[in-house]
Amino acid sequence: MAEGEGRGGGGVAAAAAGATTTFRIGFSLAEIAESLGSSEQALRLILSIFLGYPFAWFQRHFLFQKELYLIHLYNILMGLSLAYFNFGTQFCHSLICVFVQFLILRLMGRTITAIATTFCFQMAYLMAGYYFTATESYDIKWTMPHCVLTLKLIGLVIDYYDGRKKVEDLTPEQQKYAVQGVPTLLEVAGFSYFYGAFMVGPQFSMTQYQKLVKGELTDVAGQRPNSFVPALKRMMLGCFFMLIYTMAAPYLSEEYLLSDAYLEQPFWYRCLYIMMWGKIMLYKYVTCWLVTEGVCILTGLGYNGKDDKGRPKWNASANMKVWLFETTPYFTGTIASFNTNTNDWVARYIYKRLRFLGNKLVSQALSLLFLALWHGLHCGYLVCFQMEFLIVVVERQAISLVHDSPLLSSLASSIILQPIFYVLQQTIHWMFMGYSLVPFCLFSWDKWIKVYKSIYFVGHLLFFTLLFAMPYIRKVFVPRKEKLKKVE
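No experiment lies behind these values; they were computed from the predicted model shown. (Residues numbered from 1 in each chain as written. Predicted model: local features only at pLDDT ≥ 70, side-chain atom pairs only at ≥ 80, totals over all residues. Heavy atoms only, no water.)

## A few points about the environment of Lys279
Then step 1. Residue position: Lys279 is located in helix H14 (residues 267-281).
Then step 2. Each C-alpha atom, one on Lys279 and one on Gly434, is 6.8 Å from the other, the two residues being 155 residues apart in sequence.
Then step 3. Beyond its immediate chain neighbours, meaning those up to four positions away, Lys279 contacts Phe325, Glu326 and Trp430. (Helix = DSSP H or I, 4+ residues; strand = E, 2+ residues; numbered from the N terminus. Contact = heavy atoms within 4.5 Å.)

## Structural notes on the packing of aromatic side chains
Then step 1. What the rule picks out here adds up to 44 aromatic pairs.
Then step 2. Measuring from centroid to centroid gives 6.5 Å for Phe204 and Tyr209, while their planes differ by 35°, and the two rings are tilted.
Then step 3. Taken together, the ring pairs connect Phe55, Trp57, Phe58, Phe62, Tyr74, Phe191, Phe194, Tyr195, Phe204 and Tyr209 into an aromatic cluster.
Then step 4. Over the ring of Tyr160 we find Arg110; its NZ or CZ atom is 4.1 Å from the centre of that ring.
Then step 5. Directly above the ring of Tyr177 sits Arg348, whose terminal nitrogen or CZ lies 4.0 Å from the centroid. (Phe/Tyr/Trp six-rings, centres within 6.5 Å; stacked < 30°, edge-to-face > 60°. Lys NZ or Arg CZ within 6 Å of the ring centre and 35° of its normal.)

## Some words on the UniProt feature "transmembrane region" (unreviewed entry) in the protein chain
Then step 1. As annotated in UniProt, the feature "transmembrane region" (unreviewed entry) corresponds to residues 12-30, 42-62, 82-105, 112-131, 282-303, 361-394, 406-424 and 455-473 in the numbering used here.
Then step 2. Helix makes up 77% of residues 282-303 and strand 0%, with an end-to-end C-alpha separation of 26 Å.
Then step 3. The span residues 455-473 carries 84% helix and 0% strand; its end-to-end C-alpha distance comes to 26 Å. (UniProt positions renumbered as here; feature names shortened; annotations may be inferred.)

## Quick look at the environment of Ile140
Then step 1. By the secondary structure assignment, Ile140 is in the loop between helix H6 (112-133) and helix H7 (143-162).
Then step 2. C-alpha of Ile140 to C-alpha of Ser39: the two residues are 101 residues apart in sequence and 9.4 Å apart in space.

## Overview of the layout of surface pockets
Then step 1. As a volume, the second largest pocket reaches approximately 960 Å³.
Then step 2. What lines the second largest pocket is a set of 26 residues, among which Ala398, Ile399, Val402, Gln425 and Ile428 lie closest to the centre.
Then step 3. Of all the secondary structure elements, the ones that give two or more residues to the lining of the second largest pocket are helix H20 (379-404), helix H21 (406-412), helix H22 (418-442) and helix H24 (458-477).
Then step 4. The element that contributes the greatest number of residues to the lining of the second largest pocket is H20, accounting for 8 residues. (1 Å grid on protein atoms, 1.4 Å probe; cavity = no way out; pocket = protein on both sides within 12 Å on 5 of 7 lines; lining within 4 Å. Points joined across faces, edges and corners; volume = space filled by probe spheres on them.)

## Considerations on the environment of Ala83
Then step 1. Summarising the element assignment, Ala83 is placed in helix H4 (residues 68-87).
Then step 2. Take Ala83: its relative accessible area is 1%, and that puts it in the buried class.
Then step 3. In the structure, Ala83 is positioned 59 residues away from Trp142 in sequence and 8.0 Å away in space, judged by C-alpha atoms.
Then step 4. Not counting chain neighbours up to four residues away, the residues in contact with Ala83 comprise Gly88, Phe91 and Phe198. (Buried < 20%, exposed > 50% of the residue type's maximum accessible area, 1.4 Å probe, protein only.)

Right under this line is the structure:
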């Protein structure tokens, strides 16, 4: 590409070269993507998140503790450049929502009306985007970063509202995130377009962003953060998962799930395929989040204070707990390790704000409903999160049963049996994790219902049966005296 541009000798030739630059770059990217077995949009996305590293290096070395407006402008420029590189003029959608959000903050102030208006406007804009751009497959389009932006702007107005309250009226968590001053347009835009999190996250608060631009997020006060090595480690870990996904994905595709060849396989094979496919499919998300986490760490945004031994922690922007993700045999463990920033956001701004309902299960169900709608309008999202809710409820009941039953507790604590139980748990865990992800990835009714029919709705049958059978199972395995102790 550089060689082609460098050959222009005169004015006309240079103009012609400039006119064809966009086409040549686009054509080259398309060719590279095709050779990798990927789409051009996917290649643009992965390039965008890796571009965060030189952007972060420049900011860390040349803009650390410089004038705030310069840092805001830099973040805005880099974020808009990535938006234009990926979506062209459709970046205007984010501009509209950011500007409207600034007007809401200024005109409505720290009021419930501002929160309600923000929630309705930002979610309605996102839903309209989903509606007008929806297809039968997953496409990388402007709604992908926009869903991240939507949460960011809703969180901003809630934190801004909390800033009006007295400190003693706030929880420690709310005190940490409450916005005290009045954000400027540059602050709101810089916060929204910060290149390290604009495309795929992670979520972070306005107070964190303000500390970043002031140079306060560093392990040595007044000096650049010593974040290069921690950032490099996360990037390399992300590349490791990208390599695994790249090598395995061609053999574990969604297209095969819908093929006649899959339907012709025996039942056990179909279940095994879903288990392996679900595990590998998640690695593309793991890759993106680890790479972007490294960008955030390099800038300093990942700084999270120091541990008991005085060592700096760089996990403030972590979206993955990799070790937990790879080793936990529980569904709740996977949920706690995967997309953690978004889960924390939902817990902070949705689940905990629904305390007035007085019912944790209802609050959890409504939080999952919000997550499903936030992901998109396809029915597959609702089915996925409904299945997740069902599995988590049954799993918690099963854990409680084992804990309360002397017989089951003794079996579970047996050193000889533990490896067998672990392998069995992991098999069940990933089988039904993959089962839940089928509608999430296939979106439309006719696709995911075809796959579920092929395995006889085994997940729904098993967990609904366990849900209703668990009280009777408890009567068998939990002695009456143990029940009485629990009540006391």
